[in-house]
Amino acid sequence: QVQLVESGGRLVQAGGSLRLSCAASGRFFRNYPMGWFRQAPGKEREFVAAISWSGGSTYYAGSVKGRVTISRDNTKNTVYLQMNSLKPEDTAIYYCASGAPSWRVAVPDEYQYWGQGTQVTVSS
């Protein structure tokens, strides 16, 4: 069992930066890739980024590539999402997730565990 708690979301102006954190509890955190997803009002949940269990491989959605960096610290059971050059279209609830197989990290339905989400609002 893995429990996930996101933090760091807030209101920020366009062009600004944020770092989201996802703290995990549970002994199997280090075994899994971790993913970040987001969901805007009226839209489906979409993939943002993912990172392998070791941190050696990272994956990004085209809409955020070059602006977002995912990282993890397995000693702290925490995964991070650094977001720069934020745009109003980045406004959404951001969720971290765990438990997907490494070859399906971009697919929300493949994840077993989800956090409660943290709200990111980017004003123009």
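Chemist: For the packing of aromatic side chains, give the residues involved together with the corresponding values.
Modeler: Counting across every chain of the model gives five aromatic pairs. Ring geometry for F37 against W114: centres 5.1 Å apart, planes inclined by 55°, an arrangement best described as tilted. Within this pair, whereas F37 is found in strand β4 (residues 34-39), its partner W114 is found in strand β10 (residues 113-114), the two being separated by 77 residues in sequence. With a relative accessible area of 0%, F37 lands in the buried category. Relative accessible area serves as the criterion here: at 27%, W114 is assigned to the partly exposed category. Taken together, F37, F47, Y95, Y111 and W114 form an aromatic cluster joined through their ring pairs.

Chemist: Help me get a handle on the pattern of salt bridges, residues and values and all.
Modeler: All told, the structure shown has four salt bridges when counted by the stated rule. Put simply, D90 and R38 hold a salt bridge, and the shortest N to O gap is 2.9 Å. Remark: R38 occurs in strand β4 and D90 occurs in the loop between β8 (78-83) and β9 (92-98); sequence separation between them is 52 residues. Exposure class is identical for D90 and R38. Each is buried. Here E110 and R104 are joined by a salt bridge, their closest N and O atoms 3.2 Å apart. Residue class for E110 comes out partly exposed when judged on its relative accessible area of 27%. By relative accessible area, R104 is classed as partly exposed at 35%. Each of R38, E46, R67 and D90 takes part in salt bridges that share partners, so that together they form one network.

Chemist: Go over the nonpolar core with me, naming the residues and quoting the values.
Modeler: Ranked by internal contacts, the top residues of the largest apolar core, which has 35 residues, are L4, W36, L81, M83 and Y94. Of all the secondary structure elements, the ones that give two or more residues to this core are β3 (18-25), β4, β5 (46-51), β7 (68-73), β8, β9 and β11 (118-123). The element contributing the most residues to this core is β5, with five residues.

Chemist: Can you lay out the pairing of strand β1 (residues 3-7) for me, pointing to particular residues and giving the numbers?
Modeler: For a regular strand, side chains alternate in direction, first toward one face of the sheet and then toward the other. Of the two faces of β1, only the one carrying L4 and E6 is buried; Q3, V5 and S7 on the other face are not. Note: β1 against β3, five bridges, orientation antiparallel. Of the residues in β3, the one forming a bridge with S7 is S21.

Chemist: Quick one: what's the story with the state of the cysteines, residue by residue and with numbers?
Modeler: Applying the stated criterion to the full structure yields one disulfide. With a sulfur-sulfur separation of 1.9 Å, C22 is cross-linked through a disulfide to C96. One quick way to see it: the torsion about the S-S bond of C22 and C96 is about 50°, and its sign makes the bridge right-handed. On the criterion of sequence distance, the pair formed by C22 in strand β3 and C96 in strand β9 is long-range, its members being 74 residues apart.

Chemist: Now, about the environment of R10: what can you tell me, with residues and values included?
Modeler: Structurally, R10 is set in the loop between β1 and β2 (11-13). Once residues within four sequence positions are removed from consideration, R10 is found in contact with S17, L18, Q119, V120 and T121.

Conventions we followed
- Residues numbered from 1 in each chain as written.
- Predicted model: local features only at pLDDT ≥ 70, side-chain atom pairs only at ≥ 80, totals over all residues.
- Heavy atoms only, no water.
- Phe/Tyr/Trp six-rings, centres within 6.5 Å; stacked < 30°, edge-to-face > 60°.
- Helix = DSSP H or I, 4+ residues; strand = E, 2+ residues; numbered from the N terminus.
- Buried < 20%, exposed > 50% of the residue type's maximum accessible area, 1.4 Å probe, protein only.
- Salt bridge = Lys/Arg side-chain N within 4 Å of Asp/Glu carboxyl O.
- Core = buried A, V, L, I, M, F, W, Y, C linked by side-chain atoms within 4.5 Å.
- Pairing = 2+ DSSP bridges.
- Disulfide = S-S within 2.5 Å.
- Contact = heavy atoms within 4.5 Å.

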